[in-house]
Amino acid sequence: MVSHPCDYDTRMDEPVCPGCRELSKQVAELTAQVAELTRKLEEATRAGKRQAAPFRKGPPKPDPKTPGRKSGDAHGTHRHRPSPTEPIAERHDANLPDACPHCRGRIVETGTADQFQTDIPRAPLVRKFSVHIGHCESCGKRTQGRHPLQTSDALGAAASQIGPDAQAAATLLHTQMGLSHGKVASIFQTLFGITLTRGASAQIGLRAATRLEPDYRLILDEVRSSEQIAADETGWRIGGQPAWLHAWVGDRATAYAIDSKRSADPLERVIGRNWSGVLSHDGFASYERFEDAIHQQCVAHVLRRARERLAGATRGAVRFPRQVIGLFTEAIHWRNEYVPGAWSDDQRDAHRVSFDDRLLELVSRPRAVPEYATLAKHLRNHFEQWFAFVFDPRIEPTNWQAEQAIRPAVVNRKVWGGNRTDSGARAQGVLMSVFETCRRRARSVVDHVGQTLGWFGNRLLPRPLLLAR
């Protein structure tokens, strides 16, 4: 038996034959790749256990952008604070000094110029209502007067109350800005001189949610009647127990709901299983129950998975993720550059079918890499849910609207963890829905909530409408 030359020539640093040299090179590459993946796995494991992990973005960039404005034509437009349009509350004169501050000479006045300053009021606005009380001569029942600015009938020990705008500000600071009830009370005391306890802040939020419940039902009706809905969900907590916060972005309104399950049950209770619009989501299997809907799975999730596979691929293994990225990127570019009327309906349908056929051909081939086989199976099982945006360019290729709607809630969850009670979770969903819909309708949250609370204080006032039909 003839021994291999690499077996006995121990003086050589590298194998002699080409086959062993190639094998040694592959072993070295794979060893380096395993070491790199092991390092990344350890970093990810440590980051997942770190409390501040969501805010950590890794090491600084090697070539960060220069801070400040850009030079040249890209400098941008200078913006200035416009002169206030509100009524002037105070007028002051900035008089000239008696003498020149430089040489002590005599100063001659040549004119005046206006300067404006907008500040926050530090003194609280205290209202006193003289409530007239009487009784009916016929039935003898007690009756008391009402003023449009009142938010409650309470007298006696509960006669000192917080006004509607202050209540709206408290709910906004806690629910949308993410401040705890203790910090809300501290801000009221520090900035406005209004004494507020944490319990009072919590009760204000619950009361506002109860009175905004009709608006919440209108928002759910608006989502139900929408032609397109973008859905997403994120982890939440109720009393320390796991829960899920759901966000549904409709055509004109955004609704939130907190439920103990991640499933699509809450959405089904809102729109019904037979809803037949366009449903954009991240591929969560529970949404498959809406069989009459047109599903558009988020293309960004697939592109992210493909890019992650491409980052660790070498040689011929880069072909499949590159093909996936190229196909979906081409479809997105076509949709973004589409001009209405440039294609007939038959041409557009044929173009979409071509994307479906190319994807089906791509994912039908056997894949030796397990991660590629998993991705191909996912694309193949839902291949009819990827290119609805090519068939109808009005459809978004991703569910970015739902992800953006849910992002503020994620930040708040990291600050104070969720809700303590089921009633608090219910109020959270109602208030977030009203606040976000106000933003989309370009309406002031403080004005709408304050006017709604005032309407409950006096039903003779017109009820503020959030969604006019």
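The structure presented is a predicted model; accordingly, all values stated were derived computationally and were not measured.

Draft legend 1. Fine view of the overall build of the chain. The number of helices and strands found in the chain is 15 helices and seven strands. The globule rule puts the C-alpha radius of gyration for 469 residues at 23 Å, and the 32 Å found for the chain is more than 25% above it. Principal-axis analysis of the C-alpha atoms gives the chain an extent of 120 × 80 × 55 Å. Scored against the burial criterion, the 469 residues of the chain give a buried share of 35%. The long-range fraction of contacts in the chain, counting pairs at least 24 apart against all pairs at least 6 apart in sequence, stands at 59%.

Draft legend 2. Focus on the nonpolar core. Counting residues in hydrophobic clusters, the biggest one holds 36 residues, and the most contacted among them are Trp248, Leu279, Tyr287 and Phe290. At the level of secondary structure, the elements contributing two or more residues to this core comprise α3 (164–176), α5 (198–211), α6 (213–224), β3 (228–238), β5 (254–259), α7 (265–271), α14 (422–440) and α15 (445–457). Per-element accounting of this core gives the leading share, six residues, to α14. Look past the residues within four positions of tryptophan 248 in its chain and what remains in contact with it is Leu220, Val223, Ile229, Ala230, Ala231, Ala253, Thr254, Ala255, Ala257, Pro266, Leu267 and Val270.

Draft legend 3. Region of the structure containing the environment of glycine 182. In this fold, glycine 182 is placed in helix α4 (residues 181–192). Given a relative accessible area of 28%, glycine 182 falls into the partly exposed group. A C-alpha to C-alpha distance of 39 Å links glycine 182 and tyrosine 287, two positions 105 residues apart in sequence.

Draft legend 4. Broad picture of the confidence of the model for the chain. Within the chain, residue pLDDT values average 85, and 93% of them lie at 70 or more. Within the chain, the lowest mean pLDDT, 53, falls on helix α1 (residues 5–8), and the highest, 95, falls on β5. Predicted confidence is poor over residues 8–12, with pLDDT under 50, and the contacts of this stretch with residues over four places away or in other chains come to two contacts.

Draft legend 5. Representation of the environment of proline 101 within the structure. Along the chain, the position of proline 101 falls in the loop between α2 (18–49) and β1 (133–135). Overall, the relative accessible area of 61% leaves proline 101 in the exposed class. For the pair formed by proline 101 and leucine 467, sequence separation is 366 residues and the distance between their alpha carbons is 61 Å.

Draft legend 6. Molecular detail of the pattern of salt bridges. Under the defined criterion, the tally for this structure stands at 17 salt bridges. Three or more residues are tied together by salt bridges with common partners; here these are Asp265, Glu268, Arg273 and Arg289.

Draft legend 7. Just the sheet that holds strand β7 (residues 294–297), in detail. Strands sit in the order β5-β4-β3-β6-β7 across an open sheet of five strands; the sheet is mixed. The two strands at the open ends of the sheet, each matched to only one other strand, are β5 and β7. Strand-to-strand, the axes of this sheet are offset by a mean angle of 25°, without reference to chain direction. Relative to β5, strand β4 (residues 241–249) runs antiparallel, the two being bridged by six bridges. If you follow histidine 246 over to β5, its bridge partner there is alanine 257. Each of β3, β4 and β5 is contacted by α6, which is oriented at about 105° to β5, the strand it contacts most.

Draft legend 8. Representation of the domain arrangement of the chain. Domain annotation of the chain identifies domain 1 (206–295 + 400–457) and domain 2 (305–391). On a C-alpha basis, the centroid separation for the pair domain 1 and domain 2 is 32 Å.

Draft legend 9. Molecular detail of the environment of proline 64. Turning to its location among the elements, proline 64 is positioned in the loop between α2 and β1. In this structure proline 64 comes out as exposed when scored by relative accessible area, which is 57%. Distance in space between the C-alpha atoms of proline 64 and phenylalanine 129 is 60 Å, their sequence separation being 65 residues.

Draft legend 10. Expanded view of helix α9 (residues 319–337). End to end, α9 covers 27 Å across 19 residues, agreeing with the expected 27 Å (1.5 Å per residue, within 8%). Among the residues making up α9, those that are buried are Phe320, Pro321, Val324, Ile325, Leu327, Phe328, Ala331, Ile332, Trp334 and Arg335. Tucked inside the fold, the buried residues of α9 contact α8 (299–311), α10 (345–363), α11 (370–381) and α12 (388–391).

Draft legend 11. Main features of α4. Here α4 contains twelve residues, and its C-alpha end-to-end distance of 16 Å stays within 8% of the 16 Å for a straight helix at 1.5 Å per residue. Burial in α4 covers these residues: Val184, Ala185 and Phe188. Angularly, the buried residues of α4 cover 100° about the axis, an arc narrow enough to put them on a single face. The inward-facing, buried residues of α4 abut α3 and α5. Phi turns positive one or two residues past the end of α4, at glycine 193, with a value near 70°.

Rules and cut-offs
- Residues numbered from 1 in each chain as written.
- Predicted model: local features only at pLDDT ≥ 70, side-chain atom pairs only at ≥ 80, totals over all residues.
- Heavy atoms only, no water.
- Helix = DSSP H or I, 4+ residues; strand = E, 2+ residues; numbered from the N terminus.
- Rg over C-alpha atoms; globule rule 2.2 N^0.38 Å.
- Buried < 20%, exposed > 50% of the residue type's maximum accessible area, 1.4 Å probe, protein only.
- Contact = heavy atoms within 4.5 Å.
- Core = buried A, V, L, I, M, F, W, Y, C linked by side-chain atoms within 4.5 Å.
- pLDDT = per-residue confidence, 0-100.
- Salt bridge = Lys/Arg side-chain N within 4 Å of Asp/Glu carboxyl O.
- Pairing = 2+ DSSP bridges.
- Axes fitted to C-alpha atoms, helices over the stretch in contact; angles between N-to-C directions.
- Domains from an automatic or database assignment.
- Expected span 1.5 Å × (residues − 1).
- Arc of directions from axis to C-beta.

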